Amino acid sequence: MSVSTAALDSSVCAPLPVLGQDVTVPLVTGGEVTYAALDYAASAPALQRVWDDVAAYAPYYGSVHRGAGYLSQLSTDLFENSRRTVAEFLGCRAEDQVVFTRSTTDSLNLLAAAIPANCQVFVYETEHHASLLPWRDAQVTYLNAPRTPGQAVETLERALADRDPYGPALVCVTGASNVTGELWPVKELAAAAHAHGARIVLDAAQLAPHHPVDIAELDVDWVAFSGHKLYAPFGSGVLAGRADWLQAADPYLAGGGASRKVARRADGGVDVDWHTTAARHEAGSPNVIGVYSIASACKALTEAGFDNLVAREQELVSRVREGLAEVPEVQVLSLFGDDAPRVGVISFVVRGWNSSHFAAALSAEYGIGVRDGLFCAHPLVRTLLGSDPQDPGECGAPEAEPGERSLNAIRVSFGAGTPDEHIDRFLRAVTELVREGAQWKYRTEDGRCVPDRGEAAQV
């Protein structure tokens, strides 16, 4: 039987209930259809369990660490218990700190602000901009895109061997690519970094929602991830790991909560005694609901059985890849090759199609939400497309008209809440669009490809 119609083994694991699973959207061709959210790599839908937990807490909302009242004390307990839940979820070591931030980007910028003076940073050109760009005040070495996991380790070892062996050094690497979904050899890279006296931070934004992450087992120094990719609402993130650099650095933000004691000096100045705990970098009133939602998501994934979730997702990955392979015009993007392990993130281009035109047709004619562009990983996508680094094209902003070749790609991504029907519809839509073409005309408007609403739009 064709993979595009084969049924999954439902005994592996049912999809987890998520918000929006019954939302309907209009089709440009008429009628409505249940929305197929296949853009998990950008933001995964919130788990229903997370939303229910947040709703149950909302009436008890109160400021943390500052109030003597019952609701403040309850919120403080919830906030700090959430810290312990996240630490357990990540397999943190006893001496590690869990710092709550706004996102992965915020977490890595926090760490960038905390690295010692004269720190050398090593980062692959394949990284998401969140981990590629924060190191502006450091001596940065950008490593070329490897074509095998082994080559990734060898490239890092050579670069570290050539560095100043007496200064601090940091390696930043993704756990799973936000473009190809491929898993990186994190444990081997950590071993290489430590063998050369360097530390390593893991960007787990795409790894943590799809695969267990254990700081101690991977032997990484820090892990960063975002709540909105882990089935929680927007606005919260985590930086977890070693405390020494964080304790030695100035607070990421100066203000209440980060300070233990503030006193005026005789000369008119101010003396500040800063916290040495995670609070040092959590100034201001924290996002209690965001933090609690992350902890709720961690519990939900653990209780659902991560092994079962991974097994079902791998069936979906295989099914999508095999279905796309049946369409000769589709080219799936990959660094490490077809046999590389990966999570539910797959990017591709379609011969004869502008990628943004194709993504717009998936949405307007089939109710399928995917992503098109360079996915905030411009150097990597351009490398995979074989284009010159100076060629035009930017995240989500096509510069080619419908039908013209574009220097961007299409990304389909899925996870614990994806129903079988969404995968069926996606593969059917790809096949029909390639073989039969779009049913509607499209135009570029404000940098986006959109259906032409004119009277003569239909073809």
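Residues numbered from 1 in each chain as written. Predicted model: local features only at pLDDT ≥ 70, side-chain atom pairs only at ≥ 80, totals over all residues. Heavy atoms only, no water.

J.: How would you explain the overall build of the protein chain if you had to name every residue and give the values?
T.: Helix and strand counts for the protein chain stand at 13 helices and 19 strands. Against the compact-globule benchmark of 23 Å for 459 residues, the protein chain has a radius of gyration of 23 Å, which places it among compact chains. Oriented by its inertia axes, the alpha-carbon framework of the protein chain measures out at about 80 × 55 × 45 Å. Contacts in the protein chain between residues at least 24 apart in sequence constitute 71% of all its contacts with a sequence separation of at least 6. As presented, the protein chain carries roughly 19,500 Å² of accessible surface, and 49% of it is formed by carbon and sulfur atoms. Averaging the locations of the 36 positively and 58 negatively charged side chains of the protein chain gives two centres separated by 4 Å. (Helix = DSSP H or I, 4+ residues; strand = E, 2+ residues; numbered from the N terminus. Rg over C-alpha atoms; globule rule 2.2 N^0.38 Å. Contact = heavy atoms within 4.5 Å. Areas by Shrake-Rupley, 256 points an atom, 1.4 Å probe, with all protein chains shown as cover. Lys, Arg positive; Asp, Glu negative; His and termini not counted. Charge placed at Lys NZ, Arg CZ, Asp CG, Glu CD.)

J.: Explain the sheet that holds strand 4 (residues 97–101) to me, using residue names and the numbers behind them.
T.: The strand order 4-10-9-8-7-5-6 describes an open sheet built from seven strands, whose pairing is mixed. The open sheet has two edge strands, strand 4 and strand 6 (139–143), and neither has a second partner. Pairwise comparison of adjacent strand axes, ignoring direction, gives a mean angle of 20 degrees for this sheet. Examined bridge by bridge, strand 7 (residues 169–174) and strand 8 (residues 199–203) share five bridges and lie parallel to one another. Bridge pairing links V171 to I200 in strand 8. Relative to strand 9 (residues 222–226), helix 3 (residues 104–114) is tilted by about 150 degrees, and along the sheet it contacts strand 4, strand 7, strand 8, strand 9 and strand 10 (237–241). Packed onto the sheet, helix 5 (residues 149–161) meets strand 5 (120–124), strand 6 and strand 7 and runs at close to 160 degrees relative to strand 5. (Pairing = 2+ DSSP bridges. Axes fitted to C-alpha atoms, helices over the stretch in contact; angles between N-to-C directions.)

J.: Give a description of the nonpolar core that names residues and reports values.
T.: Nonpolar side chains in soluble globular proteins generally cluster together in the buried interior. Counting 82 residues, the largest nonpolar core has L90 and F225 as its most contacted members. For this core, the element with the highest residue contribution is helix 9 (residues 288–304), accounting for eight residues. Not counting residues up to four positions away in its chain, the partners in contact with L90 are V213, D214, I215, V223, F225, V238 and A240. (Core = buried A, V, L, I, M, F, W, Y, C linked by side-chain atoms within 4.5 Å. Buried < 20%, exposed > 50% of the residue type's maximum accessible area, 1.4 Å probe, protein only.)

J.: I'd love a proper account of the side chain of S107, names of residues and values included.
T.: As for its placement among the helices and strands, S107 is situated in helix 3. Excluding residues that lie within four positions of it along the chain, S107 makes contacts with T101, A224, F225, G237, V238 and L239.

J.: Please give an account of the pairing of strand 4 that cites residues and values.
T.: Buried residues dominate strand 4, accounting for five of its five residues. Along strand 4, one buried face is formed by Q97, V99 and T101 and the opposite face, lined by V98 and F100, is buried too. As defined by bridge partners, strand 4 adjoins strand 10 across five bridges and the pair is classed as antiparallel. The partner of T101 across the bridge, within strand 10, is G237.

J.: Break down helix 3 for me, citing the residues and quoting the values.
T.: For an α-helix the count is 3.6 residues per turn, leaving residues at separations of three or four pointing the same way. Burial analysis of helix 3 places eight of its 11 residues in the buried class, which makes it a mostly covered element. Those residues of helix 3 that sit buried are T104, D106, S107, L108, L110, L111, A112 and A114.

J.: Provide a residue-level description of helix 6 (residues 186–195), including the pertinent values.
T.: All of the buried residues in helix 6 are V186, L189, A190, A192 and A193. Around the axis of helix 6, the buried residues are gathered within 165 degrees of arc, so they sit on the same side. Tucked inside the fold, the buried residues of helix 6 contact strand 5, helix 5, strand 7, strand 8 and helix 7 (215–218). Directly beyond the C-terminal end of helix 6, a positive phi value near 75 degrees is found at G197. (Arc of directions from axis to C-beta.)

J.: Could you give an account of the packing of helix 5 against helix 6, naming the residues involved and the relevant values?
T.: At a minimum axis distance of 10 Å, the contact between helix 5 and helix 6 shows a crossing angle of 15 degrees. Regarding the angle of helix 5 to helix 6, the classification is roughly parallel. Our pair here, helix 5 against helix 6, has a crossing hand that is right-handed. The segment helix 5 lies against helix 6, with A152, V153, L156, E157 and L160 engaging E188, L189, A192 and A193. When grouped by side-chain class, the residues that make up the contact of helix 5 with helix 6 number seven nonpolar, no polar and two charged. (Parallel < 35°, antiparallel > 145°, perpendicular 65-115°, else oblique. Left-handed = near helix turned anticlockwise from the far one by under 90°. Nonpolar A, V, L, I, M, F, W, Y, C, P; charged D, E, K, R; others polar.)

J.: Can you explain the sheet that holds strand 16 (residues 371–373)? Please cite residues and give values.
T.: Read across the sheet, four strands follow the order 13-14-17-16 without closing on themselves; strand pairing throughout is antiparallel. Pairing within the sheet leaves two strands with one partner each, and these edge strands are strand 13 (330–332) and strand 16. In this sheet, neighbouring strand axes are inclined to one another by 30 degrees on average, regardless of whether the strands run parallel or antiparallel. As paired elements, strand 16 and strand 17 (residues 409–413) share three bridges and run antiparallel to each other. For R371, the partnering residue across the bridge sits in strand 17 and is R411. Along the sheet face, helix 10 (residues 306–325) touches strand 13, strand 14 (345–350) and strand 17 and points at about 10 degrees away from the line of strand 14.

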